[in-house]
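Chain by chain, the residues:
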Amino acid sequence: MIFLSTLFFVVAGTLLEGLLVKLPILSKCGDANERVGVIHVHTRASDGSGTVAEVMAAAEKANLSFIAITDHNVAMTESDLALDPPDLPIISGVEVGTNAGHFLALGIPPSWVQPKTTDDRTLLAAARAVGAFRILAHPFHPHTPWTDWKTSDFDGMEIWNEDAAWRQNNFFDLMDALLLYGVNNQLALVRLASTPEENFAKWDQLLQQRPVAGICAADTHARIRLAFGKDWRFPGYVPSLEVAREHVLLPPDAGNGNPALASPAELIDALKNGHSYCGLDSLYPADGFSFRISSASSSSGPGDSLHWTGTARIQISTPSGASLPLIKVFRDGREITEEQTRSIDEPITGPGRYRAEVFLRQPGLTGLRRWTLWVFTNPVYVTAQ
Ligand SMILES: [Zn+2]
Ligand SMILES: [Zn+2]
């Protein structure tokens with residue numbers, strides 16, 4: 001009896017909170033130089049539940065400015081790629097399965113046929129040969145992690161993978177989120193977010209050797225296999241495309257002077273060079289977040305290098321309107337600053353790879369106000385020579 005009444009209050013409390021907590025509605029990013037998109041989406045061409053047209057309708061509803069579709073071992077066709085409007089380009093991608101794990105190849109030619117092998121090095125080389133941007137997918141996934149860390153023949157890695165993140169929750173958190181999902185899908189998916197510590201640690205290690213672009217990925221399938229051949233569209237395309245999004249920072253000459261019309265090639269180029277940051281936008285839209293290191297003569301953003309001349313300042317600003325964030329700054333993988341503040345402007349002491357992680361508290365009572373990863377940036381490389 002006590003158990004049943006406790007259960008009743010827990011369920012009623014969760015549902016009530018789902019009805020009361022209002023997370024911000026996402027709109028199109030106002031800054032033309034910043035394009036907000038989602039990488040790593042599956043369609044019916046492999047194990048997703050929607051057609052390309054359905055995915056594009058969801059992307060439009062989610063106010064994205066680009067999307068990278070990456071089905072398992074099958075490239076998109078010319079006619080699929082023709083479905084994109086100029087202000088919402090599709091990046092042609094594929095998720096290549098290998099005996100060492102999965103990687104994304106972005107910018108592959110339409111109908112590209114990958115070699116018939118599972119050898120990761122052969123497949124990475126084949127994707128490189130067609131000029132693709134190669135990103136290790138969910139490298140610490142519980143079932144399909146990346147295992148060949150001896151190769152350096154890749155350009156980027158997923159730091160956050162939404163599909164891997166929600167699956168890492170315990171049974172009770174999953175049940176809680178499923179209950180919430182019916183009344184407030186945005187809050188339900190925010191509740192399942194966690195900080196990918198292993199990914200950050202590996203990334204910091206790789207950055208000591210060479211630049212590696214870090215991105216967030218949705219890995220949307222909108223499909224969970226149920227019994228008797230039935231599927232459940234969870235999490236749906238629209239809510240999934242609203243969770244974590246990559247904010248690409250473009251030069252003013254992109255898109256022939258109109259970055260809002262940047263081509264897939266220009267977006268890939270920026271992503272590959274680390275000119276981007278990830279925002280868990282359903283918590284609060286990260287649009288306009290800024291991370292720079294400036295010396296007397298120049299100023300550098302994510303992915304850029306800056307020559308150390310003896311003095312420089314790190315400058316971070318977060319969009320107003322969010323609750324008070326917690327900002328952490330890392331130099332060569334070591335935390336050097338941790339502050340609850342909306343902005344930071346302080347000197348740095350020498351060369352290194354500098355990046356930031358920013359956290360916001362979970363909204364609502366059952367979120368226990370725990371800090372949740374909101375933004376992470378690609379590093380600025382401060383070089384000694
Ligand atoms: Zn995968
Ligand atoms: Zn995938």
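Shown above is the structure to which this text applies.
Since we're looking at a predicted model, the values are computed, not measured.

Student: Help me out: how do you make sense of the overall build of the protein chain in this one?
Tutor: When you go through the protein chain residue by residue, the secondary structure sums to 11 helices and 21 strands. Taking all 385 residues of the protein chain together, the buried fraction comes to 53%. Partitioning the contacts of the protein chain with sequence separation of at least 6, the portion at a separation of at least 24 is 67%. In the structure as shown, the protein chain presents an accessible area of about 16500 Å², 57% of it carried by carbon and sulfur atoms. A distance of 3 Å separates the average location of the 31 positive side-chain charges in the protein chain from that of its 42 negative side-chain charges.

Student: Help me understand the environment of glycine 321, please; the structure alone is not making it clear to me.
Tutor: By secondary structure assignment, the location of glycine 321 is in the loop between β15 (312-317) and β16 (326-331). Owing to a relative accessible area of 58%, glycine 321 belongs among the exposed residues under this scheme.

Student: Would you mind showing me how to read the sheet that holds strand β13 (residues 299-300) here?
Tutor: The pairing of strands in a sheet comes from backbone hydrogen bonds and takes either a parallel or an antiparallel form. In spatial order, the strands read β13-β12-β15-β18; together these 4 strands make up an open sheet with antiparallel pairing. Pairing within the sheet leaves two strands with one partner each, and these edge strands are β13 and β18 (343-348). As judged from the 2 bridges shared by strand β12 (residues 290-294) and β13, these two strands associate in the antiparallel manner. When the bridges of β13 are listed, isoleucine 293 appears paired with serine 300.

Student: Just to check I follow, could you spell out the coordination of the zinc ion (ligand 1) for this structure?
Tutor: Any two of four tetrahedral donors ideally make an angle of 109.5 degrees at the metal, while pairs among six octahedral donors ideally make 90 or 180 degrees. The protein atoms donating to the zinc ion (ligand 1) are Glu95 (OE), His102 (ND1) and His138 (NE2), with metal-donor distances spanning 2.0 to 2.2 Å. In the primary sequence, the donor residues of the zinc ion (ligand 1) line up as E-x6-H-x35-H. Taken as an interatomic distance, the gap from the zinc ion (ligand 1) to the zinc ion (ligand 2) is 3.6 Å; glutamate 95 donates to each of them. Of this pair, glutamate 95 sits in strand β3 (residues 90-98) while histidine 138 is found in the loop between β5 (133-136) and β6 (156-161), placing the two residues 43 residues apart along the sequence. A relative accessible area of 4% means that histidine 138 is categorised as buried.

Student: Whenever I open this one, the nonpolar core confuses me. Can you help?
Tutor: In globular proteins that are soluble, nonpolar side chains generally tend to be buried together. Residues Phe103, Trp160, Ile293, Ile314, Ile316, Trp374 and Phe376 are the most contacted members of the largest nonpolar core, which totals 72 residues. Take this core: its biggest share by element is 5 residues, from strand β19 (residues 352-361). With residues near it in sequence (within four places) discarded, isoleucine 293 still touches Ser298, Ser299, Ser300, Leu306, Ala312, Arg313, Ile314, Ile348, Tyr354, Val380 and Val382.

Student: Hey, could you run me through the pairing of β16 in this one?
Tutor: Consecutive side chains of a regular strand alternate in pointing toward one face of the sheet and then the other. Burial of β16 is extensive: 5 of the 6 residues sit out of reach of the surface. Looking at chain direction, β16 and strand β17 (residues 334-340) are connected through 6 bridges and run antiparallel. Within β17, the residue paired with arginine 331 across the bridge is arginine 334. Connecting β16 to the next strand, β17, in antiparallel fashion are 2 residues, including aspartate 332 with a positive phi near 50 degrees. Pairing analysis gives 6 bridges linking β16 to β19, with the strands arranged antiparallel. When the sheet's bridge partners are listed, valine 329 is paired in β19 with alanine 356.

Student: Help me understand the pairing of β19 in this model?
Tutor: Among the 10 residues of β19, 8 are classified as buried, and the element is accordingly described as predominantly covered. Where β19 lies against strand β21 (residues 380-383), 3 bridges are found, and the strand directions are antiparallel. In the strand pairing of β21, glycine 352 is matched with valine 382.

Student: Got a minute to help me understand the coordination of the zinc ion (ligand 2) in this structure?
Tutor: Within the protein, the zinc ion (ligand 2) binds to His40 (NE2), His42 (NE2), Glu95 (OE) and Asp219 (OD); these donor distances fall in the range 2.0 to 2.2 Å. The coordination sphere of the zinc ion (ligand 2) comprises 4 donor atoms, whose angles at the metal cover 79 to 165 degrees; the geometry is irregular. Of note, the donors binding the zinc ion (ligand 2) are all from one chain and are spaced H-x1-H-x52-E-x123-D.

Student: Teacher, can you tell me more about a nonpolar patch on the surface here?
Tutor: There is a patch of nonpolar side chains on the surface, built from Phe171, Phe172, Met175, Leu178, Leu226 and Trp232 and spanning about 610 Å² of accessible area. Counting residues per element, the nonpolar patch draws most heavily on helix α6 (residues 171-183), which supplies 4 residues. Following the sequence through the fold, leucine 226 ends up in the loop between β8 (224-225) and β9 (231-232).

Reading guide: rules and limits
- Residues numbered from 1 in each chain as written.
- Chains lettered and ligands numbered in written order.
- Predicted model: local features only at pLDDT ≥ 70, side-chain atom pairs only at ≥ 80, totals over all residues.
- Heavy atoms only, no water.
- Helix = DSSP H or I, 4+ residues; strand = E, 2+ residues; numbered from the N terminus.
- Buried < 20%, exposed > 50% of the residue type's maximum accessible area, 1.4 Å probe, protein only.
- Contact = heavy atoms within 4.5 Å.
- Areas by Shrake-Rupley, 256 points an atom, 1.4 Å probe, with all protein chains shown as cover.
- Lys, Arg positive; Asp, Glu negative; His and termini not counted.
- Charge placed at Lys NZ, Arg CZ, Asp CG, Glu CD.
- Pairing = 2+ DSSP bridges.
- Donors = N, O, S within 2.8 Å, 3.2 Å for Na, K, Ca; no water.
- Core = buried A, V, L, I, M, F, W, Y, C linked by side-chain atoms within 4.5 Å.
- Tetrahedral: all angles 85-135°; square planar, octahedral: opposite > 155°, others 65-115°.
- Patch = residues over 30% accessible without salt bridge, like charges linked within 9 Å, V, L, I, M, F, W, Y side chains within 5 Å.
- Salt bridge = Lys/Arg side-chain N within 4 Å of Asp/Glu carboxyl O.

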